[in-house]
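# Summary of the model geometry
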Amino acid sequence: MSHPYLSNDPADIRRKLLDAIGISSVNEAFSDIPKQVRLAKSTSLPKPGSEVEVRREVERILSNNVTSKDALSFLGGGVWGHHVPAAVDTLAGRGEFLTSYTPYQPEISQGMLQSLFEYQSMMAELLEVDVVNSSMYDWASALGEAARMSARITHRNEFIVPHFLSPERLAVLKSYANPIGIRIKEVHQSLHTGQISLEALKEEVSSQTAGLYTENPAYLGHLVHNVEALAEIAHDVGSLFIVGVDPTSLGVLNPPGRYDADIVVGEGQPLGNYVNYGGPLLGIFACRNDPQLIRQMPGRLVGMTTTKDGGEQGYCMVLQTREQHIRREKATSNICTNHALCALRAAIYMALMGGGGFRRLGEHLFSITQYATQQLSRVDGVRTPVFSGCHFKDFTVNFDRTGKKGVEVSKRLLERGIMGGQPLERDFPELGDTFLYAVTEIHTQGDVDALCEALKEIVEA
Amino acid sequence: MTGFRQARWNEPSIFKVGRTKSHGVCSPFSSEDQKMGVDALTRLIPKNLLRRDEPNLPALSEVDVVRHFTRLSQANFGVDNGAYPLGSCTMKYSPKVNDAIANSDKVHWIHPHQDESTVQGALEIMYKLSQWFSEITGMNGFTLQPSAGAHGEYTGALIMRAYHRERGDLERRREIIVPDSAHGTNLASASMVGFHVVVVPSNEKGCVDMDALESAVSERTAGLMLTNPNTLGIFEENILEISRIIHDVGGLLYYDGANLNAIMGKARPGDMGFDIVHLNLHKTFSTPHGGGGPGAGPVGVVEALEGFLPVPTVGRDGEHFYLNYDHPQTIGRVGGFYGNFEVLVKAFTYVLSMGGDGLSRVAELSVLNANYLARKISEIKGFSLPYGSGILRKHECVISCSKLKMDTSVTAKDVAKRLLDFGVHAPTMYFPLIVEEALMLEPTETESLEELDRYASIFAQISREAYEDPTIVLNAPHNTSVGALDEVKASHPRTFCLSWRMRKKQQERKP
Ligand SMILES: Cc1ncc(COP(=O)(O)O)c(C=O)c1O
């Protein structure tokens, strides 16, 4: 039987093709492959399955996953479960978008191009930075590219990051930076406030500094209070200032464009994208409107133009002389396939939310986070958050004074259908037995209360 | 012969749609949660960090948003709309059952930091997929972490670097060799990792010139990156000799898997001597390309290089699947987590649907379709099939329009634009660089004979038009949402506009 995806599989059609090509059997079409390496028949691959069989099998395997819909989850730390409006799924699922390639032929791809331009435009408004590319793979690779871009622009090779940085993000940063000799230097943060000491930072920066990176909110959920001063210190030594953001905070928090960020990176996944076990995500990459910066940007950019006769407005990919298909080994980056559909989802999300929606979402996220830390700190011996001050979504929970090990607590929580935070002790032993928890708008006060109850029972048992 | 008319909504910018003050889904949480008894934000958050005004986003109702993006989708073109023989991109049909399965809570709502016991399904899929990829390519182990082909190349180049470094040889091994027909990402990836790129020419058959290769290799060679079949759609018949030459000087052989579709189940890169392989799941394994991504670019390696893979991979211990960090010489990480899991689920479903047998039939039909189309189109006046005359192609072919251009001044780009008028997508233009006026066609195995005939007959019509009165071709496209766009103006330093903010500022500056 011929396979439903293979239009020309039936024997009579194959015959027609063979005759037209002028060969007698399909094997002739592979006779240029050296005999020694021609494959007889592969055995350990599965047999073909019908749609019914395949669906049953994959869904059987997937049923072994416990999701945050099956159990209450308090995991965050760089990807977070946020509400995804139904309209996002409906629109981004349309075949015209979903099954198109990168819009190399702009006249027939205006839909995707305009959507990506609108993604760039709305993200630019959130960040208050003029130039946003149409996506990187994730926050981590965007950070890596930002370090490289800083080095190209400043001709320097040192990149300074805060000590309390996501270990995954740091590892990716190193993969992008180390091979071309960019050194990553960590700057100390106070164990009480999480803030970078300006005095210490001034000692670290120098005429070798290509970029100073900060995140706001920081990886552990606290706010970085002195962003203006950080920008000034970076700029005083001729370095670039790079800021990492979670866009869901930007309805409330000052956008990085307002405190002199040169490059902005971040994770766009919370905008209309699912957690998906960590992929695909949406790397945000933006920079100031400065030709020197724009020329060094990685990734695709969509621009507005007109038809040749000037009569109509339209969109196409622009400034491609930065890119690998034209500049080859001298390109600003090798990125080709990116995460355009995730950017489209983010665009739809931003359009649905509007400025007011972002303001209310941000307020809510701050409130539920404060509620969570207030309630949890009532549990005997639990210290949260470890750093002082107000937190956003992510917050640290320390178990040192509970008389229980944090991993033990997590195990007990899981037995009660609750997925607690992720352990930080391996990467940050100085924080003691600390875990990173997170809440978003998908959590209710009741969910937080349930976590408190469970923790109380476990810790006080 | 064309009834195609793409929607022409002249859809305004999202900033110009709808009223100014109404809200869509701006309150996704219950209102009573607002009174949580916490301090007012203005007291909690330092003043300098507070945003004064709401972000300047459009204020739309949900209806406005849905209509806007539905209209935009109608001004877009995917494989679901029609033939899309974009060479090197393998735009095959994306089976709907893959999407249906991936669009489930069991995929969407699992977090990368969950306890292993709660993600056994995800790990099983990743484990099995890695095994199947090893089987298909003849590699020993796979990482699923890279997000795209180029990301896989980067990973592979890092592995080459780490391998030579471990042997104390990196100081010397600074060069990566690529043929002149290579995709731009190969050169860019190698150079991003700090290697110098050495380009070797192709011979008249379109394959690597062996003399040139012999003189290019030395103890400075870190490796060779090769696409096989190459971007002309021709199988590198000297592959075993190439492999010997590279390995004799201590280099590694890298396989760009963009063209694996042509030989799946017929031959394996591992058996040809390749040490590192990347796959493009958004090409060979049918996952939809999403208007530019996300895809996935898993990387496989031979046994000697397994220790260098990024962490974690997925291991199995009896019935239990786990994240395996035991790669002693690991290059670290190239992506935040474990790869584009949602895409992996689609590829997994695809392999199960096709089975081993189906995958070899994919290769067969992709090759038959490409040769059928190559033959039909190269017989049309003005078009030719340069390089390797008389040699069968694999899954794609590169047609040259240089005779057409000489005779009529109609270029490859003009032909491409005119094709759009018929409701089909154009081939890849001007790639590979070694073919003049190139149109690179890859019909894939999912296109029917009737559609191939139609595609060829459109070429025939365009040829007639070009020779009789080329005006209609030169002014194409006519039936798309917009006519020919001014791409020069779009990138000009004085006129480029990358966001609505920039546009407003540009307009304010104008008197
Ligand atoms: C031959 C070849 N190599 C590499 C790539 C890069 O792959 P990706 O776009 O997935 O990064 C492509 C596709 O664009 C290609 O055609």
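Residues numbered from 1 in each chain as written. Chains lettered and ligands numbered in written order. Predicted model: local features only at pLDDT ≥ 70, side-chain atom pairs only at ≥ 80, totals over all residues. Heavy atoms only, no water.

A count of helices and strands for chain B gives 17 helices and 12 strands. Relative to the 2.2 N^0.38 estimate, which gives 24 Å for 511 residues, the radius of gyration of chain B is 26 Å and therefore close to what a compact globule would have. When the backbone C-alpha atoms are referred to their principal axes, chain B occupies close to 75 × 65 × 45 Å. A total of 511 residues make up chain B; the buried ones form 68% of that total. Partitioning the contacts of chain B with sequence separation of at least 6, the portion at a separation of at least 24 is 71%. The distance from the centre of the 52 positive side-chain charges to the centre of the 60 negative ones in chain B is 10 Å. (Helix = DSSP H or I, 4+ residues; strand = E, 2+ residues; numbered from the N terminus. Rg over C-alpha atoms; globule rule 2.2 N^0.38 Å. Buried < 20%, exposed > 50% of the residue type's maximum accessible area, 1.4 Å probe, protein only. Contact = heavy atoms within 4.5 Å. Lys, Arg positive; Asp, Glu negative; His and termini not counted. Charge placed at Lys NZ, Arg CZ, Asp CG, Glu CD.)

How two helices sit against one another is set out by the angle between their axes and by the gap between those axes. Contact geometry for helix H1 (residues 11-21) of chain A and helix H11 (residues 341-378) of chain B: axes closest at 9 Å, N-to-C directions at 45°. In this view, H1(A) runs oblique relative to H11(B), as classed from their interaxial angle. By crossing handedness, the relation of H1(A) to H11(B) is classed as left-handed. Contacts from Arg14(A), Leu17(A), Leu18(A), Ala20(A) and Ile21(A) in H1(A) reach Arg361(B), Glu364(B), Leu365(B), Leu368(B), Asn369(B), Asn371(B), Tyr372(B) and Arg375(B) in H11(B). (Axes fitted to C-alpha atoms, helices over the stretch in contact; angles between N-to-C directions. Parallel < 35°, antiparallel > 145°, perpendicular 65-115°, else oblique. Left-handed = near helix turned anticlockwise from the far one by under 90°.)

On the side of chain B, 209 residues touch chain A, which itself brings 192 residues to the contact. Across the interface of chain A and chain B, roughly 17600 Å² is buried in total on both sides, 63% from carbon and sulfur atoms. Glu312(A) is paired through a salt bridge with Arg8(B); the nearest N and O atoms lie 3.7 Å apart. Summed over the shared surface of chain A and chain B, the number is 89 residue pairs in polar contact (both at pLDDT 80 or more). Take the side of chain A that touches chain B: its biggest share by element is 26 residues, from helix H12 (residues 340-376) of chain A. Class assignment of the residues belonging to the side of chain A that touches chain B gives a composition of 91 nonpolar, 65 polar and 36 charged. (Buried area = accessible area lost by both parts, 1.4 Å probe. Salt bridge = Lys/Arg side-chain N within 4 Å of Asp/Glu carboxyl O. Polar contact = N/O pair within 3.5 Å; in protein donor to acceptor, adjacent residues only side chain to side chain. Nonpolar A, V, L, I, M, F, W, Y, C, P; charged D, E, K, R; others polar.)

Turning to the pairing of strand E7 (residues 263-267) of chain A, a few remarks are in order. All names here are of chain A. Burial analysis of E7 places five of its five residues in the buried class, which makes it a mostly covered element. With four bridges joining them, strand E6 (residues 240-245) and E7 adopt parallel strand pairing. From the neighbouring strand, valine 245 faces E7, where its bridge partner is glycine 266. Where E7 meets strand E8 (residues 283-287), five bridges bridge the pair, whose relative direction is antiparallel. In the strand pairing of E8, glutamate 267 is matched with glycine 283. (Pairing = 2+ DSSP bridges.)

A few words on the site of the ligand. Contacts to the ligand come from 15 residues, most closely from Thr337(A), Ser88(B), Asp256(B), His282(B) and Lys283(B). Between the ligand and the protein, one listed contact pairs an oxygen atom with a side-chain N or O atom of Tyr101(A) at 3.5 Å. Starting from 390 Å² of accessible surface for the ligand in isolation, the protein chains cover 99%. Taken together, the residues of the shell around the ligand sort by class into five nonpolar, seven polar and three charged. (Near = heavy atom within 4 Å. Areas by Shrake-Rupley, 256 points an atom, 1.4 Å probe, with all protein chains shown as cover.)

On to the sheet that holds strand E4 (residues 183-187) of chain A, then. Spatially, seven strands are ordered E2-E8-E7-E6-E5-E3-E4 (chain A) in an open sheet, and the strand pairing comes out mixed. Edge positions in the sheet fall to strand E2 (131-132) and E4 of chain A, since each has one partner strand and no second.

Turning to the pattern of salt bridges, a few remarks are in order. Under the counting rule described, the total for this entry stands at 53 salt bridges over all chains. Put simply, Glu415(A) and Arg412(A) hold a salt bridge, and the shortest N to O gap is 3.1 Å. Here Glu415(A) pairs with Arg412(A), and both are found in helix H13 (residues 406-415), just three residues apart, close to one helical turn. The salt bridge involving Arg220(B) is made with Glu175(B); its shortest N-O contact spans 3.0 Å. Residue Arg220(B) is found in the loop between helix H8 (210-216) and strand E4 (221-227), and its partner Glu175(B) is found in strand E2 (residues 175-179); the two are separated by 45 residues along the sequence. The class of Glu175(B) is buried, set by a relative accessible area of 14%. When salt bridges that share partners are traced, they join Asp9(A), Arg14(A), Lys266(B), Asp357(B), Arg361(B) and Glu364(B) into one network.

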